[in-house]
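Observations on the three-dimensional arrangement
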Amino acid sequence: MKQSLQLKIGQQLAMTPQLQQAIRLLQLSSLELQAEVQEALESNAMLEVEEDRDTAPANDDLNSPTSADPAPQDNSDQITADSEVSIDRDEIPSELAVDTDWDSIYTSGPASSGSSEGLGDIDFDSRNSREESLQDHLMWQLNLSQLSDIDRTIGIAIIDAVGRDGMLTQSVEELHTSLAATLTYDLELDEVVAVLHRVQQFDPIGVAAADLRDSLMIQLKALPRTDEVRAALRIVDRHLNLLAAQDIRTLKRRTRLKEQQIADAALIIQSLNPRPGEQISDEQPQYIVPDVFVRKLEDRWVVELNGDSAPKLRINQDYASLIKRADNSSTNNYLRDNLQEAKWFLKSLQSRNETLMKVASKIVEIQQTFLEVGAEGMKPMVLHDIAEAVGMHESTISRVTTHKYMHTPQGVFELKYFFSSHVGTDGGGECSSTAIRAMIQKLVAAENPKKPLSDNKIATLLADEGIQVARRTIAKYRESIGIPASSERKRLL
């Protein structure tokens, strides 16, 4: 094969570092963006947070006397705002003993230019203390109990075996075996059981139980012994599986209880906590910071970016003025490179905000019915629709709608929530799958608890509204929103 040189003209998209940075910032959530901005502020001296520095009061000019001021008066008996103690000069004796306590002469306290009301309402201990875990809460109660050293050791082992939901992660036999191997004392199984019963009475009631039935029994035994509680004890002790399966006929035959008595007992059982340990959790709540706010202003929906999601940045002009044009020293090159990186970073942030604003505005324009009436007014929409409307690629729309949240009158939603598939209607239109889920939820909420709607019945009711949905599609949508089957939804009145 003969080798030769050829010239070809073509276009190719190169992923420059600037483009890579813009794409990376576009797909970051608001919390991740704050961390990225903070890292950029620490690594680049050319960036600074934009602050309003012109509003600082000139204290020196306010405090300094001028020629127009009146003659100074004798204010020796008054307390200025900058003073940190309150002194009455007439009460201080002229001569003091060497061992005199200064606090006994005057009353000290922080000065305040205004009223100090409300300071007593601040709970500084609760603000600075860490969250208490379930084990800490149980150990606090164990330390208050009058127990011997052996029983306290057993109680600590039991508390260590309690899981996050409040149930034991080990059986009583396993606890006895592990304790007997570490203690020189000849430990009996009954001693472990006795301390376990003591721990099970700690708050929250029902912790350290072996399983769900054991926990419910402990909680029921702590209630006053009424006829309903006695019936609930019988059902939980022997027939909990029948109650869970809603097999009322078999439950009536085996318990010899009437239907109303079973219904009253079921209400008491439903009021119990199946996971008592979750009442006390040391997990910090995770808050969602919306990126976009939507509100109605004079019959028009207005979209605004959340300015508090990230600090406003700008170029530090003091450092930028140090750059010399014809200087190739290492210091000057370092400043020049940082200035260029700062400009790219600010441009990428601006591009991110503009893209997010375009996409959010187009979503609000299409989903105005949802903003008015809720999920039932959701219109079908896919990524291609928004990409075509704003003139961007679908991958860009996917990045800008991931982990970005919109605050609307209907609640806070991720931008991807507004995208859904569709089904056809009898009128030739389309209905969003999100709207169908909302309709299913509405139908189930209004159903008769004694005769819940089956999937076929829900499909029939939707068909009457002109929406043709198959039974298996109804089942899929129902499971996606956490609604059990009709046999499991059956309840007693």
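Let me sum up the structure you'll find in this document. (Residues numbered from 1 in each chain as written. Predicted model: local features only at pLDDT ≥ 70, side-chain atom pairs only at ≥ 80, totals over all residues. Heavy atoms only, no water.)

**Focus on the overall build of the chain**
A tally of regular secondary structure across the chain gives 22 helices and 10 strands. Residues classed as buried in the chain amount to 33% of the 493 residues present. Counting contacts in the chain only where the partners sit at least 6 residues apart, residues at least 24 apart contribute 61% of the total. When the accessible surface of the chain is summed, it comes to about 32,600 Å², and 48% of that surface belongs to carbon and sulfur atoms. (Helix = DSSP H or I, 4+ residues; strand = E, 2+ residues; numbered from the N terminus. Buried < 20%, exposed > 50% of the residue type's maximum accessible area, 1.4 Å probe, protein only. Contact = heavy atoms within 4.5 Å. Areas by Shrake-Rupley, 256 points an atom, 1.4 Å probe, with all protein chains shown as cover.)

**Focus: the sheet that holds strand S5 (residues 301-305)**
Across the sheet, which stays open at both edges, the four strands sit in the order S5-S4-S7-S8 with mixed pairing between neighbours. Lying at the two open borders of the sheet, with one neighbouring strand each, are S5 and strand S8 (411-414). Across the sheet, the mean angle separating the axes of adjacent strands is 25° when strand polarity is ignored. Direction of pairing for strand S4 (residues 292-296) relative to S5: antiparallel, over a ladder of five bridges. Following the sheet pairing, Phe293 is matched in S5 by Glu304. Along the sheet face, helix H15 (residues 330-366) touches S4, S5 and strand S7 (405-408) and points at about 155° away from the line of S5. (Pairing = 2+ DSSP bridges. Axes fitted to C-alpha atoms, helices over the stretch in contact; angles between N-to-C directions.)

**Side note on helix H8 (residues 189-199)**
All buried positions along H8 are accounted for by Glu191, Val192, Val195, Leu196 and Val199. Down the axis of H8, the buried set is contained in an arc of 135°. They therefore lie on one face. The inward-facing, buried residues of H8 contact helix H6 (149-160) and helix H7 (172-182). (Arc of directions from axis to C-beta.)

**As for unusual backbone geometry**
As a rule of thumb, non-glycine residues mostly have phi less than zero, and peptide bonds are mostly trans rather than cis. In this chain, Asp203 is followed by Pro204 through a cis amide linkage whose omega measures 0°. With respect to the helices and strands, the residue Pro204 is situated in the loop between H8 and helix H9 (212-221). In the Ramachandran plot, Glu298 falls in the positive-phi region, its phi being about 55° despite a non-glycine side chain. The residue Glu298 is located in the loop between S4 and S5 in this model. Accessibility expressed as a relative area gives 74% for Glu298, which makes it exposed. Phi at Asp299 is positive, roughly 60°, even though this residue is not glycine. By the element assignment, Asp299 lies in the loop between S4 and S5. By relative accessible area, Asp299 is classed as exposed at 73%.

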